[in-house]
Amino acid sequence: MFLTSVQVLADHFKDDLKIKPDDVVFLFSGIWGLGKLEDGLITIDKAFDQILETGALIVPTFTYSLSGSQKFSRYTPCPDMGAFSNFVVGHSDYVRTDNPNFSVCI
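As a starting point, this report considers the structure included with it. (Residues numbered from 1 in each chain as written. Predicted model: local features only at pLDDT ≥ 70, side-chain atom pairs only at ≥ 80, totals over all residues. Heavy atoms only, no water.)

### Observations regarding the sheet that holds strand S2 (residues 24-26)
Taken in spatial order, the three strands of this open sheet run S2-S4-S5, and their pairing is mixed. Strand pairing shows two members of the sheet lacking a second neighbour, S2 and strand S5 (104-105), which therefore form its edges. Here S2 runs beside strand S4 (residues 56-60); their pairing, made up of three bridges, is parallel. Residue Val24 lies in a different strand from S4, and its bridge partner there is Ala56. (Pairing = 2+ DSSP bridges. Helix = DSSP H or I, 4+ residues; strand = E, 2+ residues; numbered from the N terminus.)

Dropping the structure here:
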């Protein structure tokens, strides 16, 4: 398995995906194709920090809790959304919206 660094990922976002510093990115993707992340999930976070200087990263943190019996809070995990979505829940650099079904972290 290949190792992916912050710089390699940031270059991919900028050069291949053409993400610009003021873009708003809605990240709804699996991480399997990234290989082994050099610093774990923080690698993705740091790469976007390098690229989105004045833009924003939006990560879905859907819980679908309104239709179930569980109560929603900003710290409710979102297991169906994947590892990075759960990483940003409660992270101090992100704010989570209050929608009990379709919350996002920005």
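### Considering the nonpolar core
Buried together is how nonpolar side chains tend to be arranged in soluble globular proteins. Judged by nonpolar contacts, the single largest core of 18 residues is most densely connected at Phe13, Ile19, Phe48, Leu57 and Phe84. Of all the secondary-structure elements, those providing two or more residues to this core are helix H1 (6-16), helix H2 (42-51), S4 and helix H3 (83-88). Those residues in contact with Ile19 that lie beyond four places of it in its chain are Phe13, Lys14, Val25, Phe48, Ile51 and Leu52. Of all hydrophobic cores here, the second largest spans six residues; its members include Cys78, Met81, Val89 and Val104. (Core = buried A, V, L, I, M, F, W, Y, C linked by side-chain atoms within 4.5 Å. Buried < 20%, exposed > 50% of the residue type's maximum accessible area, 1.4 Å probe, protein only. Contact = heavy atoms within 4.5 Å.)

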